[in-house]
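Given next are the chains, with one letter for each unit.
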Amino acid sequence: MGALTVLVTSPLLAKEGLALLESAGLDVHFMQAFPKPEDVAAKAKAIGAAGIIARQGAITALVMEASPYLRIIARHGAGTDEIDLDAARARRLLVTRTPGANARAVAEHTIAVILALLKQLPSIQTQLAAGKWRAGDMWVGDAYGARLGLVGMGAIGQHTARLASAFGMKIAATSRQTAPEVYEHARREESLERLLATSDIISLHTALTPETRGMIDAAALARMPKGALIINTARGGLIDETALLAAIESGHIAGAALDVTEPEPPRPDHPFRTHPRVLLTPHIGGVSAGSMTQMAVDAAECIVAALTGGPLPADRIVVPGG
């Protein structure tokens, strides 16, 4: 037990990823959805986990200490904010991720919710469900010519820019990325402050770090033009949600589409759940059939490589381990 045992922190893994693990002789165990760290730790200890595919829930130091056989934590996704990377470094554990595996799916979701807000689909559907019909003063917005500001130009930001360009949007972006090819479909804006002030729509595609946490606060929202829209398909902690709600209630921000919140899920009585100008989805932007397969395969490849001595793609390594 231990050397060939893998724990998946969810009830499911795409069959293609599971087949890779099993063909390598690995014994795979699953958990309930969104398990608590103490439950993951107990399961990892019980089975002597050598590898963990982190799909749902946090991976803390408690989890890492649970199994003496643990060698790798493979994130089923691109973000690693739910993994205690400092604890992994201290224990010389390998941590990997699957960059770009769900980028197209998240970009498609981003465009879908932008169009839904511009065309006022949620509020129109609510009115129709209440028995109303089109009023004489009702009209919807245009995607063509809308100024889209992207915060972050990794794989998701780049795909979003490419899709948005097909609708004739005027796209600008601010990012740590500097390679010219990244900005094929977007004009690079040097400062976030300038991007906020000159965008009709702001869409967040950056990682959650101590530096970016709460970056969209009351001051940032005030810089945006009256009637602007906010889209967040990245991480909930990027936005001060209290400030966002106040800006929407005041009418300064016309609406928001949030695929992520902090915490997740939001409490049952959270105003975002029923607000007529908030389109809330359950962190599902990257959960398409194609992306789930690719993330499972990429994570499984990392597990197999780490536990059987194969090569690991460099771009998937977050913490090299020991």
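What counts, and at which threshold
- Residues numbered from 1 in each chain as written.
- Predicted model: local features only at pLDDT ≥ 70, side-chain atom pairs only at ≥ 80, totals over all residues.
- Heavy atoms only, no water.
- UniProt positions renumbered as here; feature names shortened; annotations may be inferred.
- Helix = DSSP H or I, 4+ residues; strand = E, 2+ residues; numbered from the N terminus.
- Buried < 20%, exposed > 50% of the residue type's maximum accessible area, 1.4 Å probe, protein only.
- Pairing = 2+ DSSP bridges.
- Right-handed = clockwise from strand over helix to strand, strands pointing away.
- Axes fitted to C-alpha atoms, helices over the stretch in contact; angles between N-to-C directions.
- Parallel < 35°, antiparallel > 145°, perpendicular 65-115°, else oblique.
- Left-handed = near helix turned anticlockwise from the far one by under 90°.
- Contact = heavy atoms within 4.5 Å.
- Nonpolar A, V, L, I, M, F, W, Y, C, P; charged D, E, K, R; others polar.
- Salt bridge = Lys/Arg side-chain N within 4 Å of Asp/Glu carboxyl O.

Looking at an unreviewed UniProt entry, the chain carries the name Hydroxyacid dehydrogenase, with the source organism given as Acidisoma cellulosilyticum. Comment text from UniProt for the chain, heading Sequence similarities (unreviewed entry), reads "Belongs to the D-isomer specific 2-hydroxyacid dehydrogenase family."

A. Structural detail: unusual backbone geometry. At the junction of Glu-262 and Pro-263, the peptide bond is cis and its omega measures out at 0° in the coordinates. Position of Pro-263 among the secondary structure elements: in the loop between strand S11 (253–258) and strand S12 (278–280). In the segment running from Glu-264 into Pro-265, the intervening peptide bond is cis, with an omega of -5°. Of note in this structure, His-283 is not a glycine but carries a positive phi near 50°.

B. Quick peek at the pairing of strand S4 (residues 72–75). Residue alternation in S4 divides its side chains into two sets, Ile-72 and Ala-74 and Ile-73 and Arg-75, and both sets are buried. With four bridges joining them, strand S3 (residues 51–54) and S4 adopt parallel strand pairing. The residue bridging Ile-52 from the neighbouring strand is Ile-73, located in S4. Regarding the hand of the β-α-β motif, the stretch spanning S3, helix H3 (residues 61–66) and S4 is right-handed. Inspection of the sheet shows S4 paired to strand S5 (residues 94–96) by three bridges, in the parallel sense. Each residue of the ladder has a partner; that of Ile-73, found in S5, is Val-95.

C. Molecular detail of the packing of helix H1 (residues 15–23) against helix H11 (residues 289–308). In the contact formed by H1 and H11, the axes pass within 7 Å of each other and the chain directions differ by 15°. Relative to H11, the element H1 lies roughly parallel. When the axes of H1 and H11 are compared, the crossing they make is right-handed. When H1 is examined against H11, the residues Glu-16, Gly-17, Leu-20 and Leu-21 are found in contact with a partner set consisting of Thr-293, Ala-296, Val-297, Ala-300, Glu-301, Ile-303 and Val-304. Partitioning the contact of H1 with H11 into residue classes produces seven nonpolar, two polar and two charged.

D. Local environment of the UniProt feature "domain: D-isomer specific 2-hydroxyacid dehydrogenase catalytic" (unreviewed entry) in the chain. Sites flagged by UniProt as "domain: D-isomer specific 2-hydroxyacid dehydrogenase catalytic" (unreviewed entry) map to residues 6–313. Helix makes up 36% of residues 6–313 and strand 16%, whereas the separation of the span's terminal C-alpha atoms amounts to 20 Å.

E. Broad picture of the sheet that holds S3. The strand order S2-S1-S3-S4-S5-S13 describes an open sheet built from six strands, whose pairing is mixed. Unpaired on one side and paired on the other, strand S2 (27–30) and strand S13 (317–320) mark the two borders of the sheet. Strand-to-strand twist across the sheet, computed as the mean angle between neighbouring axes with direction ignored, equals 15°. Across the sheet, helix H2 (residues 37–47) is in contact with strand S1 (5–8) and S2; its angle to S1 comes to roughly 160°.

F. Local environment of the pattern of salt bridges. For the structure shown, the criterion picks out ten salt bridges. Between Arg-267 and Asp-269 there is a salt bridge, with its nearest N and O atoms 2.7 Å apart. A relative accessible area of 46% places Arg-267 in the partly exposed class. For Glu-301, the salt bridge is made with Arg-316, and the minimal N-O distance between the two is 2.9 Å. Taken as a pair, Glu-301 in helix H11 and Arg-316 in the loop between H11 and S13 lie far apart in primary sequence, 15 residues in all.

G. Spotlight on the environment of Arg-75. One can find Arg-75 in strand S4. Owing to a relative accessible area of 11%, Arg-75 belongs among the buried residues under this scheme. Considering only alpha carbons, one finds Arg-75 and Gly-17, 58 residues apart in sequence, at a separation of 13 Å. The residues contacting Arg-75, other than those within four sequence positions of it, are Ala-54, Arg-55, Ile-83, Thr-96, Arg-97, Thr-98, Arg-235 and Ala-299.

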